[in-house]
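Examination of the molecular architecture
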Amino acid sequence: MNRLIPVLFCLSFPLIAADSLSFELVKTPAGPNALAPNLCPLGDHFALSWIERKRNGDTRFQMASWNGSAFGKMNLVAESRQMFANWADIPSIVEAPSGDLYAHWLDRIGSKTYAYGVRIKHSTNRGETWESVGWLHNDTSATEHGFVSLIPDGRHVRAFWLDGRMMTKPKGKMMLRTAMLDGNQIKGERVLDDDVCTCCPTSAVQLAGRSMIVYRDRSPKEIRDISFIHGSGLKWSKPSTIQADNWLMPGCPVNGASIASGGGFIAISRFTVIKNKAHVILRLFKEGAIKSGKEIVLDKNAPLGRCATACSKDSIYTVWIGLKNNQTVLKLAQVSPSGEIKRQSILAPIKGNRSSGMPRIILCNGFLWVSWTEENRIRLGRLKTSS
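One structure accompanies this document, and this report is about it. (Residues numbered from 1 in each chain as written. Predicted model: local features only at pLDDT ≥ 70, side-chain atom pairs only at ≥ 80, totals over all residues. Heavy atoms only, no water.)

Glancing now at the overall build of the chain. Along its length, the chain carries zero helices and 31 strands. A globule of 387 residues ought to have a C-alpha radius of gyration of about 21 Å, and the chain, at 20 Å, matches this closely. Over its C-alpha atoms, taken along the principal directions, the chain stretches across nearly 55 × 50 × 40 Å. When the 387 residues of the chain are sorted by exposure, 58% land in the buried category. Pairs at least 24 residues apart make up 48% of the contacts formed inside the chain by residues separated by at least 6 positions. (Helix = DSSP H or I, 4+ residues; strand = E, 2+ residues; numbered from the N terminus. Rg over C-alpha atoms; globule rule 2.2 N^0.38 Å. Buried < 20%, exposed > 50% of the residue type's maximum accessible area, 1.4 Å probe, protein only. Contact = heavy atoms within 4.5 Å.)

Read across the open sheet, the four strands follow the order 8-9-10-11; overall the sheet is antiparallel. The open sheet has two edge strands, strand 8 (92-95) and strand 11 (131-135), and neither has a second partner. Neighbour to neighbour, the strand axes of the sheet diverge by 25° on average, direction disregarded. Pairing between strand 9 (residues 101-108) and strand 10 (residues 116-123): eight bridges, direction antiparallel. Residue pairing across strands places W105 opposite R119, the latter belonging to strand 10. (Pairing = 2+ DSSP bridges. Axes fitted to C-alpha atoms, helices over the stretch in contact; angles between N-to-C directions.)

A few words on the pattern of salt bridges. Throughout the structure, instances matching the rule amount to 22 salt bridges. Ionic pairing is found between R224 and E222, a salt bridge with its closest N-O pair at 2.7 Å. Considered together, R224 and E222 belong to a single accessibility category, that of buried residues. A salt bridge links R283 to E295; its shortest N-O distance comes to 2.8 Å. Placement of R283 in strand 23 (residues 277-286) and of E295 in strand 24 (residues 294-299) is noted, with a sequence separation of 12 residues between them. Connected through shared salt-bridge partners, D139, D163, R165, R177 and E189 make up one network. (Salt bridge = Lys/Arg side-chain N within 4 Å of Asp/Glu carboxyl O.)

Moving on to the pairing of strand 21 (residues 258-262). The two faces of a sheet get side chains in turn, since along a regular strand they alternate between them. Within strand 21, four of the five residues are buried, leaving the element largely enclosed by the surrounding structure. Here strand 21 folds back onto strand 22 (residues 265-274), and the loop between the two strands holds two residues, one of which, G263, carries a positive phi near 65°.

What follows covers the packing of aromatic side chains. The final tally for this structure, using the stated rule, is 11 aromatic pairs. Residues F46 and F71 carry aromatic rings whose centres are separated by 6.1 Å and whose planes lie at 90° to one another, so their mutual orientation is edge-to-face. Linking F46 in strand 5 (residues 45-53) with F71 in the loop between strand 6 (59-66) and strand 7 (75-80), this pair joins segments that are 25 residues apart in sequence. Residue class for F46 comes out buried when judged on its relative accessible area of 0%. On the basis of an interplanar angle of 75° and a centroid distance of 5.7 Å, the ring pair of W247 and F271 is categorised as edge-to-face. Note that W247 is positioned in the loop between strand 20 (240-241) and strand 21 and F271 in strand 22, a separation of 24 residues in sequence. Taking the relative accessible area as the measure of exposure, F271 reaches 8% and is therefore buried. (Phe/Tyr/Trp six-rings, centres within 6.5 Å; stacked < 30°, edge-to-face > 60°.)

With that settled, consider the state of the cysteines. As enumerated under the stated definition, the model contains zero disulfides in all. For the unlinked cysteine C200, the closest cysteine sulfur is that of C252, found at 3.5 Å. Given a relative accessible area of 2%, C200 falls into the buried group. (Disulfide = S-S within 2.5 Å.)

Glancing now at the layout of surface pockets. The space that makes up the largest pocket amounts to roughly 1200 Å³. Lining the largest pocket are 45 residues, and of these L39, P41, I151, A204 and I259 sit closest to its centre. Where the lining of the largest pocket is concerned, the elements lending two or more residues are strand 4 (34-42), strand 8, strand 12 (145-153), strand 16 (203-207), strand 21, strand 25 (305-311) and strand 29 (360-364). Of the residues assigned to the lining of the largest pocket, the class counts are 29 nonpolar, 12 polar and four charged. (1 Å grid on protein atoms, 1.4 Å probe; cavity = no way out; pocket = protein on both sides within 12 Å on 5 of 7 lines; lining within 4 Å. Points joined across faces, edges and corners; volume = space filled by probe spheres on them. Nonpolar A, V, L, I, M, F, W, Y, C, P; charged D, E, K, R; others polar.)

What follows is about the nonpolar core. The biggest cluster of nonpolar side chains holds 35 residues, and the ones touching the most others in it are L136, F160, L176 and I213. Counting only elements with at least two residues in this core, the list comes to strand 9, strand 10, strand 12, strand 13 (156-163), strand 14 (175-182) and strand 17 (210-216). Looking at this core, the element that brings in the most residues is strand 13, giving five residues. Among residues more than four places away in sequence, those in contact with L136 are V118, I120, V148, A159, W161, L181, I186 and E189. (Core = buried A, V, L, I, M, F, W, Y, C linked by side-chain atoms within 4.5 Å.)

With that settled, the discussion passes to the sheet that holds strand 5. If you walk across this open sheet you meet the four strands as 4-5-6-7, and the pairing is antiparallel. The sheet is open, and its two edges are formed by strand 4 and strand 7, each paired on a single side. Across the sheet, the mean angle separating the axes of adjacent strands is 20° when strand polarity is ignored. In this sheet, strand 7 lies alongside strand 6 in antiparallel orientation, the contact comprising five bridges. Bridge pairing in strand 7 places M63 opposite N75.

Structure (structure tokens):
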């Protein structure tokens, strides 16, 4: 039986009154030497996915579904000695409108460190068994392909990813591309932006009649602000900057944005640097009105970022890695649709290096669920929400 473990290191910021915050650790089926946890909505519940490295050299992509009180059995999504297991570029699972599941993970294409591509699998029985669909992209050059976002789109699933096929050329750049997953077919691959930051995670959401993707862009002058594109089918907008932070950065910071929607509004959290000072900022706006949105600074005390955001009908929750008394911690902010910060709290201590991975969150059954990595083990916690 999976059990809940109360977290004794749960603290609150002094500027926020104590509010009986109770963040509980939940035991997961993941074994040792695990990394890259992710959370996927699955019907009325959710699925946890992760990677495990085995002593025999195999690497396994696993999943388990939460049934409301415990995790069910582990299901093997994929196993490969060529799997590329990375702290930032993590696999995912998504539920299609049909109830089918799609999964992506990374497999090596060549012998170079960052020569890998995106594999896709499809399940028609809730993850019990998986059928290979193949490479997500129509290119198998020994270059980087990854940082995938999978979302429902109409009756199917849409994929966005970073694609480095042009980087073999002297002036080639990393691209943002998209395609549709339809049954066991991948259709309509196209370029959305031909010059983007090389290794920052992407994030996407389904809106009414269209999809929206946020990603870290790259200008010829090495400005690396967050941009967005929206559209569907063959019609896509041009890239637009969410806010001109003018972060001049000669290399990739491996720190993307997170987008979520709910209650008629859209929320985008981002890590950025403004005038040489690090910030975590939440932008709130109504659909179609991004330029008139509200910017809420959540943290300017030298945060590390790695934001994750989720929305209910009346609250926005953002989690990120920040500092408290010179220690790295996992922070939470709860914000109202009007932009009022309702609560800020520290959830747990966390490593500030790559070993903590990319925190992920999901709202399910009256709880905010949070995943991260600690000492090569998967951590999953939950916090009761008021909505």
